[in-house]
Each structure stands twice: as structure tokens, then as C-alpha cells.
Amino acid sequence: MLPLLAQRCYNSSLEQWSDTSVMIDGEIEDTTLPRNRVFVLIDGTFVVRWSESRVQELESGLYRSYEKRDFGASITDYELRQLQDAGLVECFNQDTVSLTPLPERRSDHQISAWEANRTRSYYLNTTLPTEYLSPVTERLEELGLQAQFEARVREGFVVLWEWQGRSFRKFDDVEKARTLLANTAPQLFGGTVIAFVETTKKH
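Cut-off values and rules
- Along each chain, numbering runs from 1 in the same order as the chain's sequence is written.
- Restriction of local features to residues with pLDDT of at least 70 applies here, the model being predicted, together with a cutoff of 80 or more for giving and counting side-chain atom pairs; totals for whole chains, interfaces and linings are based on all residues.
- Hydrogens and water molecules were not included; the side-chain quantities draw on all heavy atoms of the structure.
- Under the scheme used here, helices are H or I runs from DSSP no shorter than 4 residues and strands are E runs no shorter than 2 residues, and both carry numbers assigned from the N terminus.
- Accessible area is worked out with a 1.4 Å probe on protein chains only. A residue is then buried under 20% of its type maximum, exposed over 50%, and partly exposed in between.
- Any two residues whose heavy atoms approach within 4.5 Å are treated as being in contact.
- Where accessible areas are quoted, they stem from the Shrake-Rupley method and a 1.4 Å probe; at the residue level, only the protein chains shown are allowed to cover.
- For this document, the term salt bridge refers to a Lys or Arg side-chain nitrogen within 4 Å of an Asp or Glu carboxyl oxygen.
- In this analysis, strands are considered paired if DSSP registers two or more bridges between them.
- Helix axes use the C-alpha atoms of the stretch in contact, all axes being lines fitted to C-alpha atoms, and the angles between their N-to-C directions lie in the range 0 to 180 degrees.

Engineer: I tried to follow the overall build of the protein on my own but got confused; where do I start?
Structural biologist: A tally of helices and strands in the protein yields five helices and 16 strands. Classification of the 203 residues of the protein by burial places 40% in the buried group. Here the contacts in the protein between residues at least 6 apart in sequence split such that 57% fall between residues at least 24 apart. Accessible surface, the protein as shown: approximately 11,900 Å² in total, 49% of it carbon and sulfur.

Engineer: Help me understand the pattern of salt bridges, please; the structure alone is not making it clear to me.
Structural biologist: Where side chains of opposite charge bring their charged atoms close, a pairing between them can arise. Applying the stated criterion across every chain, the model contains nine salt bridges. Residues Glu 57 and Arg 64 are paired through a salt bridge, measuring 3.1 Å at the closest nitrogen-oxygen approach. Judged by its relative accessible area of 16%, Glu 57 is buried. The exposure class of Arg 64 is partly exposed, given its relative accessible area of 26%.

Engineer: Whenever I open this one, the pairing of strand E8 (residues 54–57) confuses me. Can you help?
Structural biologist: Two faces belong to every sheet, and in a regular strand the side chains alternate between them. As paired elements, strand E7 (residues 46–51) and E8 share four bridges and run antiparallel to each other. Directly across from Val 48, in E8, lies its bridge partner Gln 56. Linking E7 to E8, which pair antiparallel, is a turn of two residues. Pairing of E8 with strand E9 (residues 63–65), which is carried by three bridges, proceeds in the antiparallel orientation. Following the sheet pairing, Val 55 is matched in E9 by Arg 64. Count of turn residues in the E8/E9 antiparallel hairpin: five residues, of which Gly 61 carries a positive phi of about 85°.

Engineer: Sorry if this is basic, but what is going on with the environment of Val 158 here?
Structural biologist: Residue placement: Val 158 occurs in strand E15 (residues 157–162). Look at Val 158 and you get buried, because its relative accessible area is 0%. Each C-alpha atom, one on Val 158 and one on Tyr 132, is 6.8 Å from the other, the two residues being 26 residues apart in sequence.

Engineer: It is not clear to me how the sheet that holds E8 should be interpreted in this structure. Could you clarify?
Structural biologist: Remark on secondary structure: sheet strands pair via backbone hydrogen bonds, oriented parallel or antiparallel. One open sheet holds the five strands; their spatial order is E9-E8-E7-E6-E10, and the pairing between them is antiparallel. The two strands at the open ends of the sheet, each matched to only one other strand, are E9 and strand E10 (71–74). Put simply, the sheet's adjacent strands are angled 45° from each other on average, direction ignored. Both strand E6 (residues 38–41) and E10 contribute to a ladder of three bridges, which runs antiparallel. Bridge pairing links Leu 41 to Phe 71 in E10.

Right under this line is the structure:
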């Protein structure tokens, strides 16, 4: 048997160091990855990025094509701890994430209670600074879209919610809204991106 040069990192939930290399069919599969390759898609799915255009869902194991616009957010320590509890992450630190060996992943594709209770509310970030709030509002009125969108300021940018400040509940809905604005007024809304607020349901 060939010796394994094991990657090791500290498992904060188990308070121990973990070997993160595994042997599958006589070959080494290194499950330790740079942390920036594990992230969240805009639709809320946790993935690992294997190539420039290919990611794999951590929960289901399904592979998906990937484009830069699909990126949602960097993964947080809290989310990684939850993935540890769900048996999908072995351990992590500031630089790397170690996934559990494939044979140990859940085969029934059932999601954890935490994952099931995650809710994302979507909105549009125009990426325009706050001084564009009035021009954006006026342009929406000119386009006859004032009944569909409401412009507000959030974290230094002009953002768009549905009418009366409601969020978009589905990713497909907010993507359709982004496409509509980009096609109708590309000079003003060409840089608009999808953003979201994530909450956890409480029982």
C-alpha cells in the first residue's frame, strides 16, 4: 500500500485534528481544497468548484455548469459549522476546507433541518451609488415600471425591491426582473446584479 501524505486541519466541532486524504480504488482522493472553492450560489446552493465552469452540489452530489453570474456569496464559518454537523464538511480553517470522503456522504439526499429552514429573499442591486436614487426612480416612472419596482438605498447602493418594498421570493422572478431592466434601459441598469438576504426559519 502506498503511503498517504495526509492533509490535516483542525475540526472545531470535534476538537481534534483530522486526516483528510482518503484512498478510493487504490488512488488518492485529496478532499482538502482552498476555501474559496467552496461557496454559495445565488440560488442558495452550497457547492465546490472543480473547474472554471463546473461545480458540484455538496448536499446532492450533482454536477452543474457554472458561470460567474451564478456566484452568490463566500461561505461563512457559521455555514461551514452547519455543514460539519450535516456530515458534509470534515473540518476547515481560514484557508482550506476539507470535505468528508465520498463514501461517508449521505446517500438518501435528505437535507438537514438547518438547510431545510434556510430562506433567501432576493432583490436587485443596481450597483449605482446613493446619489442615483432620484434618477433611478424617475427612470422607472418614465418606463412605466413604478408599479413593479421600488427603489431604495441599502449599504451605499441603490437597490430595487418589488412594489411596496417586498422581496422577490424566487430566483427565477428576480432574474426575469433583472433581464427586463437591463434590456429596457441598459445605460442605467446594465450593471444590475442579483442580491439576497438570508434568514433561518424559527419554530
